[in-house]
Amino acid sequence: MRISEPKILSALPELGIEHRAGSSLVDLTSLGIGGTTDLLLIRQHEHMPELVQLLKQEGIPHRFLGGGTNLLVKDGELPWVLLQLAQPVPDMRVEGNFAHVDAAADLGRMVTFCAKNDLGGMEGLIGVPGTVGGALRMNAGAYGTQIGSHVREVEVYRAAAGRTETLRGGEINFEYRHTSFAPGDIMLAVKLELPSKPYREILQGIRICNEKRRASQPLNQKSAGCIFKNPPGGSAGRMIDELGLKGHSVGDARVSDRHANFFVNTGHASFAEMYALVSDVRERVRRAYGAELEEEVIVWNA
Ligand code: EPU
């Protein structure tokens, strides 16, 4: 979708928002799949309410993009524009056992920043790609760590109410790869409480997690991490592997040879190819195990 409304075009510079016309989701997602649309890069999140209001008045639908690392987007000209928070500098600070971090910050950078300030507890998240905001929304986790366990406050723009609110950790449900945030909630900043730990000790934990990840996941290929959530008590990766589906492909979309719950784009996979692979594997698992795999990846197909 292209923004051509003069009212919006003239307001954007005043709000410090950069307009990137015709941006491709191929470049904006880790899977390297998706169509094109206009991207609005927000430098000061204080301007979010005004921007959303303006788009609403002019009848322009929008979606919010975090790091694009857990997203499968349809091809072609997309029927909405994208909003994204630019990463401000500096974006993190520590106060005692609390870390205050902007949602646009890179998750890995946040883990290392906290480690350098002798705050641990998030070693498992080190190799998880994406932004802090994306991690919050889906309660990202790995190697025994889930970000939700450390959240004390989240500053969020609530589209439904049209205003920014600060939620206390206890007001948010953090479950396995799922949270109680509303679809229109946009994460702005978080306050985490983390245990004190010497930097060297945290670094050791980080190294161990990095090694485990390198040994089991296709880190140098285009993917969105695990494509399915694990079913209760089970492992989607193991099930898909047991069915002999590693290497199974539809066009350029392929089940990783390294980890069967990672689906990789080996070249120029289309949305249709990747989604056909997801549906095919889900159907095979359903027939073999009677289990219904739920997508972990967020699919923007409308
Ligand atoms: N397994 C296989 N074949 C495979 C993959 C896995 O047999 O191709 C087996 C493993 O040998 C192991 C079991 O399945 O016995 C579980 O595998 P793994 O330890 O890799 O963990 P996972 O359950 O597949 C989860 C998260 C990952 C996270 C790792 C490490 C989900 C869907 N995935 O994977 O998160 O990095 O644990 O904690 O919960 C993500 O969310 O995108 C993601 C990659």
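Structure's up top.
A brief structural summary. (Residues numbered from 1 in each chain as written. Predicted model: local features only at pLDDT ≥ 70, side-chain atom pairs only at ≥ 80, totals over all residues. Heavy atoms only, no water.)

So, the site of the ligand
Not every one of the 20 residues close to the ligand is listed here, only the nearest: Tyr 143, Tyr 176, Cys 226, Asn 230 and Asp 241. Between Lys 246 and the ligand, the recorded distance is 3.2 Å, taken from a side-chain N or O atom to an oxygen atom. For the ligand, the accessible surface in isolation is 830 Å², of which the surrounding protein chains cover 72%. Top contributing element to the shell around the ligand by residue count: helix H7 (residues 236-242), with three residues. Residue composition of the shell around the ligand, grouped by class: seven nonpolar, seven polar and six charged. (Near = heavy atom within 4 Å. Polar contact = N/O pair within 3.5 Å; in protein donor to acceptor, adjacent residues only side chain to side chain. Areas by Shrake-Rupley, 256 points an atom, 1.4 Å probe, with all protein chains shown as cover. Helix = DSSP H or I, 4+ residues; strand = E, 2+ residues; numbered from the N terminus. Nonpolar A, V, L, I, M, F, W, Y, C, P; charged D, E, K, R; others polar.)

Concerning the nonpolar core
Counting residues in hydrophobic clusters, the biggest one holds 34 residues, and the most contacted among them are Met 110 and Val 154. Elements supplying a minimum of two residues to this core: strand S7 (98-102), helix H4 (107-116), helix H5 (132-138), strand S10 (151-158), strand S14 (185-193) and helix H6 (199-216). If one sorts the elements of this core by residue count, H4 sits on top with five residues. Dropping the residues within four chain positions of it, Val 154 is found in contact with Leu 136, Glu 165, Thr 166, Leu 167, Ile 172, Phe 181, Met 187, Ala 189 and Val 190. (Core = buried A, V, L, I, M, F, W, Y, C linked by side-chain atoms within 4.5 Å. Buried < 20%, exposed > 50% of the residue type's maximum accessible area, 1.4 Å probe, protein only. Contact = heavy atoms within 4.5 Å.)

Notes on unusual backbone geometry
The phi torsion at Asn 139 lies on the positive side, around 50°, for a residue other than glycine. Within the secondary structure, Asn 139 sits in the loop between H5 and strand S8 (141-142). Using a relative accessible area of 0% as the deciding quantity, one classes Asn 139 as buried. Even without a glycine there, the phi angle at Tyr 143 is positive, about 45°.

Brief notes about the pattern of salt bridges
In total, this model carries 22 salt bridges according to the counting rule given. With a shortest N-O distance of 2.8 Å, Glu 18 and Arg 20 are connected by a salt bridge. When its relative accessible area of 27% is taken as the criterion, Glu 18 is described as partly exposed. On the basis of relative accessibility, which here comes to 36%, the residue Arg 20 falls in the partly exposed class. (Salt bridge = Lys/Arg side-chain N within 4 Å of Asp/Glu carboxyl O.)

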